[in-house]
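So the chains spell out like this:
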Amino acid sequence: MVDRDYGDEAREAEEHGDESFAAVADRALRIIFAEERHVEAITGMKDMTEKWRMTERMKTVSVALVLCLNVGVDPPDIVKTQPCARLECWIDPLCLSPSKALETIGSNLQKQYERWQPRARYKQSLDPTSEEVKKLCTSLRRNAKEERVLFHYNGHGVPKPTDNGEIWVFNRTYTQYIPLSIYDLQTWMGAPSIYVYDCSNAGIIVHWFKQFADQHTREHEQERNPTSAPSFQNCIQLAACDVGQVLPMNPDLPADLFTACLTTPIKVALRWFVMQSTSKLVPKVTMDLIDKIPGQIADRRTMIGELNFIFTAITDTIAWNTLPRERFQKLFRQDLLVASLFRNFLLAERILRSCDCTPVSSPALPPTYQHPMWQAWDLALDLSLGQLPGILENGNKFVHLPFFEEQLTAFQVWLDLGSEERNPPEQLPIVLQVLLTQVHRMRALELLGRFLDLGPWAVNLALSVGIFPYVLKLLQSCAKELRPLLVFIWAKILAVDHTCQADLVRDKGHTYFLQVLQDSSISSDDRTLAAFVLACIVKNFKDGQEAASKGALVSICLEQLDDNSSKLRQWVAICLGRLWDNFDKARWTGVRDSAHEKLYTLLQDPCPEVRASAVFALGTFINSVQTMTEHSKVIDHSVVMTLVNNVGNDMSPLVRKELVVAIQWFILAFERSFLSVAAHEASKDDSNTPPHSGVDLPRTGSRLFGEWSHRDDRIKRVNSSSSISTIAYPIIFNHLSPMMPSHGYGSLGALSGTVYLKVWNALATLDNDPFPEVSVMAGVVITHIRSQLKKDSGDVRLSSSISLPPSPNRASFLSESPPSNDSPRLKLQKKGQCLTINEEAKPRAPLVCTQFIEWACKGFAQPVKKTKNGDVESEDYYMREWRYTRNAERRSEAKEEQVRASMSRLESQVFNTRTQVPPTIVQFHPYEHQIVVVGKETFGVWDWSTGAKLYQSRKAVFSKMSQITSMDWVNPQDVALFMTGSDDGTVSIYKPSNNNLKLVTAWQAHSDLSLGNKLNNPEAVSSGLRLTWEQYTQSVITTGDTRVLRFWDAERELKLFDLPTGADCSVTSLDSTYSCVGHEQEPYMPPYQGCDGLVMNSIDAQSTRPTHRGLVVAGCADGSIRVFDRRCSPADSRIKTWIDHSSPVIGVQLRGNSVVSGGSAGDIKIYDLRKNSAVCPISSAPTPMIAMAVHRKADTIACGYANQTIGIYNLLGQPLNVIRFYEGFMGYRIGQVACLGYHPYKVALATGMNDCSISVYCLDNRR
């Protein structure tokens, strides 16, 4: 249903006298059968989860610090400038003795690394020999096992690496430089490892590393033991410069600039910024002041701490926006130390490139030194250093920087304009960082929620950037203002990736959502999200079920069953169903709380999705039994019979499909009993035993024993099985053939009363359901039982006679209560005569299943925060507005014809075609130039202005002997659907789709339609199913070969009520106040805006809904005209009866306070609702009348006679003209009239003949 704000437009048009608007405008008419369940396939979302969770977490547990400085002695191949850089680890080695300086530098380097990884094991090797390096590396690898080892090499005191892939160390007396091959270093270090090379010509090492790694791989393959080979692909390398480059020697920067960038990035960044020309904006800041910046780097409240926080956010953002997702995960999320080093490597690239050096990494990173985010970093440094003199000299308080607030604003701008087609927002990693601060947390969560709402692609992006641990930790917060935001975010995450359930249970995050669900102060929408999250937590996850059960989830959910929100009721039911699915403990908790009985109320819920969810929950309730007891059997019998009673004939196929799934669990639990039922059916087929007392065991269409037959070969459904709601088979069998007990089936007399027979009969009815998916599912279950029986029986023919006692009870099965604890069945079972399930049974595999729950989950993964009225700039919106304008013009244009109709001849033929079968119904579209023609079991649609055939249905009935007996247009003011009624009691809805007709929904409106009593009275009149559609009330009224008028709410897909006709014959014609365009006579009334239907039978609710207003007039086969007021109780609903026709009524129309009717004898009568007899009887012709049509707007009547003529009259009974079988020498020939139909607005008459011709006649424009 599509809601629209149409009231202002309709009232405005009325005030200005605009006749193009009816009292009830097109915008006031709701579009029905347009919900998501009707327009899209009920399938789940395809798996869109991306690899955001690291398959293996690594940790750098050991660090080797190898320093080859040889303080005081410069390497022979490097010519240093004067002055040149001297600081190593911020220590001037010339200010100390060589040995002391080397020791101090090593100690400082270790402290700098410990800031990033304090728990690692550090080993220093100062001016080592090759043997010392070997001993150090092998020792660290042995202790690290499969974890990562870092090898830091400072070669400032030795020559550059050689072109053969060698670095230099010393001999024991420090008199020679000894080469150390990277090949040997790889052997000692193993993998995984990370290497940092701070030396000139470092790029050559990276080059040779790969070649040596390949050589290692080949050697291990030759040894035929590749499993023990270390994977050097997991090794990471960071080099200070490229091949042939020399380290910078700027005296204002440290000599180990690369190391300083990696380990002390903020300090280096500040010094480098002061050296740039842009620092002139803060002239009072000098190098000396940089070292005096107050605060700790871990304290975000201080300047240095906030700069570090901003630096982390910026470098994360640069990496996330430039690196492939997989590489970003590996380098920036797998290992804390590696992530820190690579963040700092981005700064090293920027600074070293300004010194004509190009740092190298493996895996290689794209250039990032010119990324726009560096400008934001420069701005943050500029604003911070601008405050520094005042802080140091005057003690001013540090004013926090606006960086994060500005970045959130930029993110918000992207959200206002962004989409999946555009580049991802570069600020997403910054939003992650902001979640750690309390100042901007609320805004960050709100914006994050908006981003996740864009779809699964947005959720995957957020997870890949590392949002998960942050929102998981936030569940520990007690702030109530965060609850709506967090439940929304978590619902989005779990809708895309349900594997997060284990993390939530491990960290006790489920308790957060339990608190939200039971907090009545929180909105229903937010509690719905909490219910969805909990349903995801317990889905097929035993730990989640156990934790939620201990958290009293059952009782919390039961408290929400009467909430006004249909979504909340739906997901509370789904949550319960998933909780006790294959979890016996939760089932018995539910039994103690009467959960199954409380769920019964949802079986009549106004929302079909809620009813389907309740059936799902009750189905898993049956399936959750692990140890079968007498108590559990009684409960299961009660549950399945309640399901069959309440939703067996539900209007929505969504509900009926879930019913088949629920019934299968009962059948699988009591399979032996159903094998007995199937065995009896098989024996009846073999022996052709006549039915006892006129009642036969339920059959399943024309499917033979264990075999499928084509649907077209089925006999009429009303013969094959009774209605689920009217099953009357109270036979209790004493025994089967002597062969059956030997197969372990037991006798039907030992079964649970008639429960199994009733369930089998219900399944047989579902097997013949008009909706194909329901029928196929039910057929699979039936075939399973029959195949099991065939498998167990082998080739033995069950041919013995069966003794059937008289029925002890003639009442309907479904009116019976479930067996009590002292029933004979339970006594027999206590004696062990009927075993139905093994104790401690394993979870059963389903025979059939639906994707309804997955489809419902899909809605949470899609954008939900849309404007309620849709996009007013969309093509659909403009097309709908165009159609409404077109409709108004058509109504206006037809008014002149309607005035002329009572005095003009209707004889100009404008359309003629032929059909394959004789037509039975012809009906115009109110606004399109379309006419629908029904012939037996099919129908076609023609454009009567061009003569083109638009659509042709396939067989539109579901039984071979059935045919369509009524037709109507649904949503004619917009994109029309086709509603058909068949004489087997089914109603079907079709929609045009790519030049074909697609079934939208179908249901069994009446399962008790007789064959017009022709079996007993061949002269009786059979009308099949008669229906009328009311667009204004969204109601379908059905009747025909039955004794009731049945009202259906199409919006809710529920049966509303029945009104008894009071006649012992069929209803042959039907009309109502709001049929076709009758609603235009209704004064404007805003649509019903109440709750979504908790008080179905409330007088207040009924009086405010148009569904319960208006009159209905029925013409009967006995010649009577009966008028019903649906506002009254069923007993008092018939307010008027006229019995003036001597023959069956073939046409009736309600026109305000008047009723026009015609009988097959040829008499036409006009009644006033206030009078007891006809006020204007019209004697049309002495010959029998076959068809009759009354124009909705014009005062004209068309009558088709058996003498191949059509008479046109006005409402005064005056003949206007006659359309004969020939008109002049060149006239049009017509056959015997089969059906007639007037256009709702235009004065145009459609005629259908028994010779398969269709014609349309209009007023002669010349007259």
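In this text the structure is predicted, and so the values were computed from the model without any measurement.

Cut-offs applied
- Residues numbered from 1 in each chain as written.
- Predicted model: local features only at pLDDT ≥ 70, side-chain atom pairs only at ≥ 80, totals over all residues.
- Heavy atoms only, no water.
- Helix = DSSP H or I, 4+ residues; strand = E, 2+ residues; numbered from the N terminus.
- Buried < 20%, exposed > 50% of the residue type's maximum accessible area, 1.4 Å probe, protein only.
- Contact = heavy atoms within 4.5 Å.
- Pairing = 2+ DSSP bridges.
- Axes fitted to C-alpha atoms, helices over the stretch in contact; angles between N-to-C directions.
- Phe/Tyr/Trp six-rings, centres within 6.5 Å; stacked < 30°, edge-to-face > 60°.
- Parallel < 35°, antiparallel > 145°, perpendicular 65-115°, else oblique.
- Nonpolar A, V, L, I, M, F, W, Y, C, P; charged D, E, K, R; others polar.
- Salt bridge = Lys/Arg side-chain N within 4 Å of Asp/Glu carboxyl O.
- Core = buried A, V, L, I, M, F, W, Y, C linked by side-chain atoms within 4.5 Å.
- Left-handed = near helix turned anticlockwise from the far one by under 90°.
- Patch = residues over 30% accessible without salt bridge, like charges linked within 9 Å, V, L, I, M, F, W, Y side chains within 5 Å.
- Areas by Shrake-Rupley, 256 points an atom, 1.4 Å probe, with all protein chains shown as cover.
- pLDDT = per-residue confidence, 0-100.
- Polar contact = N/O pair within 3.5 Å; in protein donor to acceptor, adjacent residues only side chain to side chain.

K.L.:
Just to check I follow, could you spell out the overall build of the protein for this structure?
P.N.:
Summing up its helical and strand segments, the protein has 38 helices and 36 strands in all. In the protein, buried positions account for 59% of the 1263 residues. In the protein, once contacts between residues fewer than 6 apart in sequence are set aside, the share between residues at least 24 apart is 69%.

K.L.:
Whenever I open this one, the pairing of strand β10 (residues 921-924) confuses me. Can you help?
P.N.:
Consecutive side chains of a regular strand alternate in pointing toward one face of the sheet and then the other. Judged by which residues are buried, β10 turns out to be covered on both faces: Ile921 and Gln923 on one side and Val922 and Phe924 on the other are all buried. Where β10 meets strand β11 (residues 930-935), 4 bridges bridge the pair, whose relative direction is antiparallel. Note that in β11 the partner of Gln923 across the bridge is Val932. If you look at the hairpin formed by β10 and β11, you'll find 5 residues sitting between the two strands.

K.L.:
I tried to follow the sheet that holds strand β25 (residues 1134-1138) on my own but got confused; where do I start?
P.N.:
Within a beta sheet, neighbouring strands are joined by backbone hydrogen bonds and run either parallel or antiparallel to one another. Ordered by their spatial adjacency, 4 strands build an open sheet running β22-β23-β24-β25, and the pairing between neighbours is antiparallel. Strands at the two margins of the open sheet, each flanked by one partner only, are β22 (1067-1072) and β25. When the angles between neighbouring strand axes are averaged without regard to direction, this sheet yields 20 degrees. The pairing of strand β23 (residues 1111-1116) with strand β24 (residues 1121-1125) spans 5 bridges and is antiparallel.

K.L.:
In this structure, what is going on with the pairing of strand β27 (residues 1154-1159)? I would like to understand it.
P.N.:
Counting buried residues along β27, 5 of its 6 residues qualify, which places the element largely inside the surrounding structure. Pairing between strand β26 (residues 1145-1151) and β27: 6 bridges, direction antiparallel. Residue Gly1147 lies in a different strand from β27, and its bridge partner there is Gly1158. Linking β26 to β27, which pair antiparallel, is a turn of 2 residues; within it Gly1152 sits at a positive phi near 65 degrees. Where β27 and strand β28 (residues 1163-1168) come together, 5 bridges link them in antiparallel fashion. Note on β28: the bridge partner recorded for Ser1157 is Lys1165. Linking two consecutive strands that pair antiparallel, namely β27 and β28, is a turn of 3 residues; a positive phi of about 105 degrees is found at Gly1162 within it.

K.L.:
Is there a simple way to think about the sheet that holds strand β33 (residues 1215-1219) in this case?
P.N.:
Strand order in the open sheet formed by 4 strands is β30-β31-β32-β33, and the pairing between neighbours is antiparallel. The outermost strands of the open sheet, each flanked by one partner alone, are β30 (1185-1190) and β33. Averaged over all neighbouring strand pairs, the angle between strand axes comes to 20 degrees, with direction disregarded. Alignment of strand β31 (residues 1196-1201) against strand β32 (residues 1206-1210), held across 5 bridges, turns out to be antiparallel.

K.L.:
I would appreciate a short explanation of the packing of aromatic side chains in the present structure.
P.N.:
For any pair of aromatic rings, geometry is given as the distance between the ring centres together with the angle between the planes. The tally for this structure, following the rule as stated, stands at 43 aromatic pairs. Plain terms: the ring middles of Phe309 and Phe404 are 4.9 Å apart, the flat faces sit at 40 degrees to each other, and that makes the pair tilted. In this pair, Phe309 sits in helix α10 (residues 303-322) while Phe404 sits in helix α14 (residues 403-417), placing the two residues 95 residues apart along the sequence. Accessibility classification places Phe309 together with Phe404 in one group, the buried group. Both rings, one in Phe468 and one in Trp490, keep their centres 5.5 Å apart while their planes meet at 75 degrees; by these two values the pair is edge-to-face. Here Phe468 is found in helix α18 (residues 468-473), whereas its partner Trp490 is found in helix α19 (residues 483-496), with 22 residues between them in sequence.

K.L.:
I tried to follow the packing of helix α30 (residues 653-669) against helix α34 (residues 772-793) on my own but got confused; where do I start?
P.N.:
When two helices pack together, their arrangement is captured by the angle between the axes and the distance separating the axes. Interaxial distance between α30 and α34 falls to 9 Å at its minimum, and their mutual angle equals 10 degrees. One element, α30, and the other, α34, form an angle in the roughly parallel class. Along the contact surface, α30 presents Pro653, Arg656, Lys657, Val660, Val661, Gln664, Ile667 and Leu668, while α34 presents Glu773, Val774, Met777, Ala778, Val781, His784 and Ile785. Partitioned by chemical class, the residues of the contact of α30 with α34 number 10 nonpolar, 2 polar and 3 charged.

K.L.:
How do you make sense of the pattern of salt bridges when you look at a structure like this?
P.N.:
Think of it this way: side chains of opposite charge can pair up when their charged atoms draw near. According to the stated counting rule, one finds 44 salt bridges in the structure shown. Here Arg333 makes a salt bridge to Asp316, at a shortest N to O gap of 3.0 Å. A residue pair is termed long-range when its members are at least 10 positions apart, and Arg333 in the loop between α11 (325-332) and α12 (336-354) and Asp316 in helix α10 qualify at 17 residues. Across the pair Arg883 and Asp974 runs a salt bridge, and its minimum N-O distance is 3.5 Å.

K.L.:
Even after reading the chapter, I still don't get the nonpolar core, so can you show me in this structure?
P.N.:
Inside soluble globular proteins, nonpolar side chains tend to come together where they are buried. With 270 residues, the main nonpolar core has Phe451, Trp490 and Phe513 as its most contacted residues. Top element by residues in this core is α30. It accounts for 12 residues. Here Trp490 is in contact with Phe468, Val471, Leu472, Leu475, Cys500, Leu504, Phe513 and Val533, once residues within four sequence places are set aside.

K.L.:
What exactly am I supposed to notice about the packing of helix α33 (residues 755-767) against α34 here?
P.N.:
The interhelical angle for the contact between α33 and α34, taken along N-to-C directions, is 135 degrees, at an axis separation of 7 Å. Between α33 and α34, the angle is such that the two are oblique. Pair α33 / α34 crosses with left-handed handedness. From α33, Trp760, Leu763, Ala764, Leu766 and Asp767 reach across to α34, where they touch Val774, Ser775, Ala778, Gly779, Val781, Ile782 and Ile785.

K.L.:
Teacher, can you tell me more about unusual backbone geometry here?
P.N.:
Residues apart from glycine generally show negative phi values, whereas peptide bonds are mostly found in trans. For the peptide bond that leads from Ala191 to Pro192, omega is 5 degrees, which places it in the cis range. Mapped onto the elements, Pro192 comes out in the loop between α5 (182-189) and β6 (193-198). In this structure, Pro363 follows Ser362 across a cis peptide bond, with omega equal to 5 degrees. Counting through the fold element by element, Pro363 comes out in the loop between β8 (360-362) and α13 (373-394). In this structure, Asn540 takes a positive phi of about 50 degrees despite not being glycine. Topologically, Asn540 is positioned in the loop between α22 (524-537) and α23 (542-550). Although it is not a glycine, Lys936 sits at a positive phi angle of roughly 55 degrees. Mapped onto the fold, Lys936 is located in the loop between β11 and β12 (938-943).

K.L.:
Any chance you could explain a nonpolar patch on the surface here in plain terms?
P.N.:
Where nonpolar side chains cluster on the molecular surface, the patch consists of Val872, Tyr877 and Tyr878 and spans about 280 Å² of accessible area. With respect to the secondary-structure elements, Val872 resides in the loop between α36 (852-861) and α37 (875-900). The partly exposed category is assigned to Val872, whose relative accessible area is 43%.

K.L.:
I would appreciate a short explanation of the confidence of the model for the protein in the present structure.
P.N.:
Note that predicted coordinates carrying low pLDDT should not be read in detail. Overall, the prediction assigns the protein a mean pLDDT of 83, with 81% of residues at 70 or greater. Across residues 689-753, where pLDDT falls below 50, the model places 191 contacts with residues more than four positions away in sequence or in other chains. For the stretch residues 1084-1104, pLDDT sits under 50, and the model shows 40 contacts to residues farther than four places along the chain or on other chains.

K.L.:
Would you explain the side chain of Ser464 in this entry?
P.N.:
Here Ser464 shows up in helix α17 (residues 456-465). A polar contact is formed between the side chain of Ser464 and the backbone oxygen of Leu461, at a distance of 2.7 Å. Apart from residues no more than four positions distant in its own chain, Ser464 is found in contact with Trp52, Trp320, Arg325, Phe328 and Gln329.

K.L.:
Help me understand the environment of Ser652 in this model?
P.N.:
Counting through the fold element by element, Ser652 comes out in the loop between α29 (630-647) and α30. Sequence separation between Ser652 and Ala612 is 40 residues; the distance between their C-alpha atoms is 8.9 Å. Not counting the four nearest positions on each side in its chain, Ser652 is found in contact with Pro608, Arg611 and Glu1053.

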